[in-house]
Amino acid sequence: MSAQGATKGAINQLTKTLACEWAKDNIRNNAVAPCTLKSIDQGEIKMGDNMVQAGSRRRDDRWSLLGMTALVTGGTQGIGHAVVEELAGLGAKVHTCSRNEANLNACLHDWEKKGFEVTGSVCDVMSSDYTAEEFSTVMTINLESAYHLCQLAHLLLKASGVGSIVCISSIAGVVALNVGSIYGASKGAINQLTKDLACGWAKDNIRSNCVAPWFIRTPLVEAALNDEQFSKSVNARTPLGRPGEPKEVSSLVAFLCLPASSYITGQIICVDGGVTVSGFLPKHD
């Protein structure tokens with residue numbers, strides 16, 4: 001079995017190497033690493049008792065969110081806005097929240113014109129019990145709010161029978177970046193929370209995954225990316241040679257909510273153009 005494991009490790013490393021080497025040609029490379037599959041029946045893979053029903057779904061149903069309800073925090077701009085539109089476009093009923101009532105109302109009006117079923121409320125998901133110190137503030141925004149929201153949603157997710165949690169983290173929780181050690185620690189905490197919930201709530205058929213982006217063109221980082229020198233450094237560090245777009249994150253979030261991803265849980269998936277797998281890659285003319 002050690003030889004079998006070694007060959008799979010070789011495939012994994014080959015994937016990373018090709019991803020970085022061929023990024024200049026806009027070729028992406030990824031690997032899927034499944035666990036033991038229970039059976040293969042007429043081309044459909046069925047995994048465990050919970051997948052017998054899901055495995056018999058029509059293909060179109062596996063790629064639809066009709067009949068599903070989603071809660072998206074911070075849905076009026078940036079990645080959150082893209083996630084709302086992605087999920088609603090796949091048929092989900094979406095409720096989102098924002099701290100800014102004017103922005104929320106403008107978005108709700110736009111979504112109504114597009115035919116999306118989206119409702120919204122003005123609220124702040126941060127806990128009110130925090131100090132003004134930086135550590136407490138960052139941890140409250142990035143960790144406590146996500147933790148408490150998951151706890152509040154647990155019974156609803158359990159009752160649905162097919163719950164899915166998708167956290168938004170950052171590659172700063174995976175590798176060291178010059179964005180502040182506290183920020184990185186808070187994102188690392190989200191990553192670990194994702195894994196703990198995946199295991200602890202699996203008995204309730206609730207999946208938990210995390211999407212960890214690199215620099216994405218959102219209002220939060222647009223000013224930094226407009227700095228020519230900074231933008232050049234980001235592009236040089238990224239094998240694909242550019243920052244990401246919000247829709248390149250929201251599409252993964254939507255996939256992790258779909259029935260098609262029903263055997264994926266506890267994963268931290270980086271959306272980073274290859275940054276976290278890139279080592280020393282000297283550029284040649």
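Refer to the structure above for everything that follows.
Residues numbered from 1 in each chain as written. Predicted model: local features only at pLDDT ≥ 70, side-chain atom pairs only at ≥ 80, totals over all residues. Heavy atoms only, no water.

Engineer: Account for the nonpolar core, naming residues and giving values.
Structural biologist: Within soluble globular proteins, side chains that are nonpolar tend to cluster in buried spots. Leu-87, Val-94, Val-211 and Val-249 are the most contacted members of the largest nonpolar core, which has 23 residues in total. The set of elements that each furnish at least two residues to this core consists of β3 (69-73), α4 (78-89), α5 (101-114) and α10 (246-257). If we skip the residues at most four places from it in the chain, Leu-87 touches Leu-65, Ala-70, Val-72, Ala-92, Val-94, Ala-254 and Cys-257. Ranked by size, the runner-up nonpolar core spans 11 residues in total, among them Ala-146, Ile-165, Ile-190 and Leu-193. (Core = buried A, V, L, I, M, F, W, Y, C linked by side-chain atoms within 4.5 Å. Buried < 20%, exposed > 50% of the residue type's maximum accessible area, 1.4 Å probe, protein only. Helix = DSSP H or I, 4+ residues; strand = E, 2+ residues; numbered from the N terminus. Contact = heavy atoms within 4.5 Å.)

Engineer: Mind laying out the sheet that holds strand β8 (residues 268-271), listing which residues take part and the relevant values?
Structural biologist: Strands sit in the order β6-β7-β8 across an open sheet of three strands; the sheet is parallel. Strand pairing shows two members of the sheet lacking a second neighbour, β6 (163-168) and β8, which therefore form its edges. Ignoring which end each strand starts from, the neighbouring axes of this sheet average 25 degrees apart. Direction of pairing for β6 relative to strand β7 (residues 206-213): parallel, over a ladder of six bridges. Paired with Ser-164 across the strands is Arg-207, a residue of β7. (Pairing = 2+ DSSP bridges. Axes fitted to C-alpha atoms, helices over the stretch in contact; angles between N-to-C directions.)

Engineer: So, the state of the cysteines: which residues are in play, and what are the values?
Structural biologist: Here a disulfide denotes one covalent bond, and it connects the sulfur atoms of two cysteines. One pass over the full model with this rule turns up zero disulfides. Considering cysteine sulfurs only, Cys-150 is the nearest to Cys-167, which forms no disulfide, with 5.0 Å between them. Classification of Cys-167 as buried rests on a relative accessible area of 8%. Cysteine Cys-210 shares no disulfide, and the gap to the nearest cysteine sulfur, in Cys-167, comes to 5.4 Å. Accessibility expressed as a relative area gives 0% for Cys-210, which makes it buried. (Disulfide = S-S within 2.5 Å.)

Engineer: A description of the packing of aromatic side chains should follow, citing residues and the corresponding values.
Structural biologist: Tallying each qualifying case throughout the model produces three aromatic pairs. Members of the aromatic cluster, connected to one another through ring pairs, are Trp-214, Phe-215 and Phe-230. (Phe/Tyr/Trp six-rings, centres within 6.5 Å; stacked < 30°, edge-to-face > 60°.)

Engineer: So what about the packing of helix α6 (residues 134-160) against helix α7 (residues 181-200)? Which residues, and what values?
Structural biologist: Packed helices, taken two at a time, are described by the angle their axes make and the gap between the axes. One can describe the packing of α6 onto α7 by two numbers: an axis separation of 9 Å at closest approach and a directional angle of 15 degrees. Relative to α7, the element α6 lies roughly parallel. The chirality of how α6 crosses α7 is right-handed. Contact with α6, carried on its side by Glu-134, Phe-135, Val-138, Met-139, Asn-142, Leu-143, Ala-146, Tyr-147 and Cys-150, involves Ile-182, Tyr-183, Ala-185, Ser-186, Lys-187, Ala-189, Ile-190, Leu-193 and Leu-197 of α7 and no other residues of that element. Grouping the amino acids of the contact of α6 with α7 by side-chain chemistry returns 14 nonpolar, two polar and two charged. (Parallel < 35°, antiparallel > 145°, perpendicular 65-115°, else oblique. Left-handed = near helix turned anticlockwise from the far one by under 90°. Nonpolar A, V, L, I, M, F, W, Y, C, P; charged D, E, K, R; others polar.)

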